[in-house]
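The lines below spell out each chain.
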Amino acid sequence: MPMKTIKGLKVTTAPSGAPVSRMRIGGRWEEGSSGEFLEVTSPATGAVVGFVPLGTRADAQRAIAAANAAKPKIAGLSVWERSKLCFAVADAIEKRKEDLARTLCLEQGKPYHAEALGEAGAAVAAFRNAGEQIKWLETACFPVEDRNKRAFSFLQPKGVFGIVTPWNFPLALPSIYYLAPGLAAGNAMVWVPAPTTSIIAEKLMECLIEAGVPDGVVNLVIGDGPEVGDEVVSNPGTDAIAFTGSSETGRIIASRGAGKPLMVELGGNGPTIVLADADLDTAAARAAAGCFANAGQICTSTERILVADAVHDAFVEKLVAAARAVRMGDPFDPATTMGPLNNEPNAQKVDAHLADARQRGASILFGGGRAEGLATRLHYQPTVITDLSPDSLLNVEETFGPVVPVLRFRDEEEAHRIVTKSRLGLSAAVFTQTIRHAFRWAEALRVGIVNVNEMSPYWETHIPAGGAAGTASGIGRTGGRHTLLEMSDLKTVTIDISR
Ligand code: NAD
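Only a predicted model underlies this, so the values are computations on that prediction, with no experimental measurement involved. (Residues numbered from 1 in each chain as written. Predicted model: local features only at pLDDT ≥ 70, side-chain atom pairs only at ≥ 80, totals over all residues. Heavy atoms only, no water.)

A few points about the overall build of the protein
Part 1: Scanning the protein from N- to C-terminus turns up 15 helices and 22 strands.
Part 2: For 499 residues, the compact-globule formula gives about 23 Å, and the C-alpha radius of gyration of the protein, at 23 Å, lands near that figure.
Part 3: By its C-alpha atoms, the protein is 75 × 65 × 40 Å across when sized along the principal axes.
Part 4: Among the 499 residues that make up the protein, the fraction classed as buried is 56%. (Helix = DSSP H or I, 4+ residues; strand = E, 2+ residues; numbered from the N terminus. Rg over C-alpha atoms; globule rule 2.2 N^0.38 Å. Buried < 20%, exposed > 50% of the residue type's maximum accessible area, 1.4 Å probe, protein only.)

Set out below in C-alpha cells:
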C-alpha cells in the first residue's frame, strides 16, 4: 500500500523516538481518536522533531461543544479583566521565548537568530497590543429624531470562533490575527493550525494555560485541513470563521462557512514598482529583503519587481549582489540568513513556476532551483530572473519562494498592464523620490496596503491590511482595532424615556 502523507509528512500509527504533541479540548490534553499521527521532520535538518495527532471530525465536534460550554467564562469577564489576561499570556510567551523560537526553527525551518526569535517577540507584542487596544475601543451614542428616545451601541463577543491558520508564521500569525484579539474581544475559540506546524501550537497553548485562560475557552484541534478544518468551518456550533491560507482554500472556506461572519486573509503576489527616479540602493536592498525574508513564504512577499527601463540594468546588478549575500545552512548559526521552504508541495510549486518561466524564455541570472549540499532538498537558491513574459506563472500567481522576477517597463501604462495580469491584490511597494508619483501609484494599485520606499511585507500589527475588494486576496481587514472590531458584534440599544 502506498505510504499516506500530508503536506509531504508521513502518517504513522506507531510514533516513537520523539515527543508526541497533544490537542487541547475543553481543558484536557488529548491524543485524538484516530490512532494516527503525523511524523514532523525539520525542513532545515531532516531530523524527526516530533509527532502530532491526526484529529478527526469527532475530535473537532467535541472541541466545538467545549468552546460553547466555555463561552460565558470569557464573555463574562470585564474588558479590564480580559486585558489583564492578554498581558499575562504575553508574559508567559516572553518567559519561554527561546524555547518557542527553537521549536519554530526546527519545525517551520526559519533560522533561529535571523528570524525565529523575532517571530516569538511578535507573538508577545500581539497579546500586549490586543490587551491595550481593547481598553480604549469606544462605541457611539447616536443623536436621534424622537426627543423621547436615546440610542447607543456597545461591543459584545461574537461567540465561538472557528480559526484555521497556515504554516508560514505559525506562532505570530495566529497570535496577532486571531487568538490575542479573540480573547480580548471575549470569544471562545477552536483553533486548527497547519499540520506541518502543530508542535508550536501545543507550546502556545501551554502559555495560554499558564496565564490562566479558562478551560475550554481556547481549544486546539490538530489534523488535516479538509477534515478537522472543514468541520470547524461548517459546523453550526461555530458562530464565526477566521481563516488565513491560500486563495484556493479560501474559496472553499467561504462556501463551507457561508452565512457566518468570515475573516479571510488569502494569498498575495505583491508587485514592487521601481520608478526611474528611485534611490536604487534602497530599492534593491529592500526589495531583496522582501523577497528572501522567510524564504519568500510571506503573503506580502516581494513576488515580482517591475523596473523602469532606464534603471533596469543597474537595479538588477544590485539585486543580484543582494541575492549573492544570502546565507543558508545550519539553522542555529547566527550567520544563516535564510531557511528552507517548509514543505515539499510548496517547493514543487516553486519548481513548476520556474520551469514555466524557463519554457517562456526567461533568463535566470542567479540561482534557479533547489540548493545542493545542504541537509535537505527543501533549501531553495535565492533566484533572480529577467526577461520574463508577463503571462508567466511567476507574474500571474503567488509563488511563495525566494524567487524574484524583474520585469522591465517602458511607460507607466505598460507597468499597469503587467501588474493587473494577476487577480491577487494584497500588498505592493513603490520606490520613487517624487511625491506625486508615490500618490498616483498608491491610489491606483488595487491592493490592501502600499508601502512607499519600503518593502511590500513591511507591516506594523496595528495598521490595517488585507485583500482589496474584487481580488482573490481575502475579505476584511486585519490589524489592531480593525481585528478587534471584526471579532466583536456591535449591539445597538434604543430606550424610550417618555414614561
Ligand atoms: P493552505 O490554504 O493550504 O492551508 C491553510 C490552512 O487551511 C491549513 O491549516 C490547512 O490545513 C487548512 N485547510 C486546507 N484545506 C482546508 C479545507 N478544505 N477546509 C478547511 N481547512 C483547510 O495554505 P498554506 O499553504 O498553509 O499557507 C500558505 C498560504 O497562506 C499562502 O497562499 C499565503 O499567501 C497565505 N497567507 C496569507 C496571509 C494574509 O494575511 N493574507 C498570511 C499568511 C499566509
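Some remarks on the pairing of strand E14 (residues 271-274)
Part 1: Neither face of E14 is exposed, since Pro 271 and Ile 273 on one face and Thr 272 and Val 274 on the opposite face are all buried.
Part 2: Here 4 bridges tie E14 to strand E15 (residues 304-308), and the two strands are oriented parallel to one another. The residue bridging Val 274 from the neighbouring strand is Val 307, located in E15.
Part 3: For the segment spanning E14, helix H9 (residues 280-292) and E15, crossover handedness is right-handed.
Part 4: The pairing of E14 with strand E19 (residues 427-431) spans 3 bridges and is parallel. Bridge pairing in E19 places Ile 273 opposite Val 430. (Pairing = 2+ DSSP bridges. Right-handed = clockwise from strand over helix to strand, strands pointing away.)

So, the site of the ligand
Part 1: Among the 30 residues in the neighbourhood of the ligand, the closest are listed as Tyr 177, Ser 246, Thr 249, Leu 266 and Glu 398.
Part 2: Interatomic distance of 2.5 Å between a side-chain N/O atom of Glu 398 and an oxygen atom of the ligand.
Part 3: Relative to its unbound accessible surface of 840 Å², the ligand loses 91% to contact with the protein.
Part 4: Of all elements in the fold, only helix H5 (172-184), helix H7 (225-234), strand E12 (240-244) and helix H8 (247-256) reach the threshold of two or more residues within the shell around the ligand.
Part 5: Among the elements that take part in the shell around the ligand, H7 stands out by supplying 4 residues, more than any other.
Part 6: Partitioned by chemical class, the residues of the shell around the ligand number 16 nonpolar, 10 polar and 4 charged. (Near = heavy atom within 4 Å. Polar contact = N/O pair within 3.5 Å; in protein donor to acceptor, adjacent residues only side chain to side chain. Areas by Shrake-Rupley, 256 points an atom, 1.4 Å probe, with all protein chains shown as cover. Nonpolar A, V, L, I, M, F, W, Y, C, P; charged D, E, K, R; others polar.)

Topic: the state of the cysteines
Part 1: Here the structure, examined in full by the defined rule, presents 0 disulfides.
Part 2: You can see Cys 86 has no disulfide; the closest cysteine sulfur is in Cys 207, sitting 14 Å from it.
Part 3: As a non-bridged cysteine, Cys 299 has Cys 291 as the owner of its nearest cysteine sulfur, 14 Å distant. (Disulfide = S-S within 2.5 Å.)

Topic: the sheet that holds strand E7 (residues 141-142)
Part 1: Strands sit in the order E7-E8-E22 across an open sheet of 3 strands; the sheet is antiparallel. The sheet terminates laterally at E7 and strand E22 (488-496), the two strands that pair on one side only.
Part 2: Judged from the 2 bridges that link them, E7 and strand E8 (residues 149-157) form a sheet pairing that is antiparallel. From the neighbouring strand, Cys 141 faces E8, where its bridge partner is Phe 152.

Looking at the UniProt feature "domain: Aldehyde dehydrogenase" (unreviewed entry) in the protein
Part 1: Within this structure's numbering, the places UniProt gives as "domain: Aldehyde dehydrogenase" (unreviewed entry) are residues 29-493.
Part 2: Across residues 29-493, the secondary structure splits into 40% helix and 19% strand, with the terminal C-alpha atoms separated by 41 Å. (UniProt positions renumbered as here; feature names shortened; annotations may be inferred.)

Points about H5
Part 1: The largest bend along H5 reaches roughly 30° and is located at Tyr 178, with the proline Pro 181 sitting one to four residues downstream.
Part 2: Of all 13 residues that make up H5, 13 are buried, and the element is covered over most of its length. (Bend = angle between axes of the 7 residues up to and from the residue.)

A few points about the packing of aromatic side chains
A ring pair, where both rings are aromatic, is described by two values, the distance of the centres and the angle of the planes.
Part 1: Summed over all chains, the structure comprises 6 aromatic pairs.
Part 2: Centre to centre, the rings of Tyr 177 and Tyr 178 are 5.6 Å apart; their planes meet at 85°, and the pair counts as edge-to-face.
Part 3: On the basis of relative accessible area, Tyr 177 is assigned to the buried category, the value being 10%.
Part 4: Chaining the aromatic ring pairs together yields one cluster made of Tyr 177, Tyr 178 and Trp 459.
Part 5: Arg 24 extends its terminal NZ or CZ atom over the ring of Trp 29, reaching a point 4.8 Å from the ring centre. (Phe/Tyr/Trp six-rings, centres within 6.5 Å; stacked < 30°, edge-to-face > 60°. Lys NZ or Arg CZ within 6 Å of the ring centre and 35° of its normal.)

Re the sheet that holds strand E2 (residues 9-12)
Part 1: Taken together, the 4 strands give an open sheet; going across it, the order is E1-E2-E5-E6, and neighbouring strands pair in antiparallel fashion. On the outer flanks of this sheet lie strand E1 (5-6) and strand E6 (48-53), each paired with one strand and no other.
Part 2: Alignment of strand E5 (residues 37-41) against E6, held across 5 bridges, turns out to be antiparallel. In the sheet register, Glu 39 faces E6, and the bridge partner there is Phe 51.

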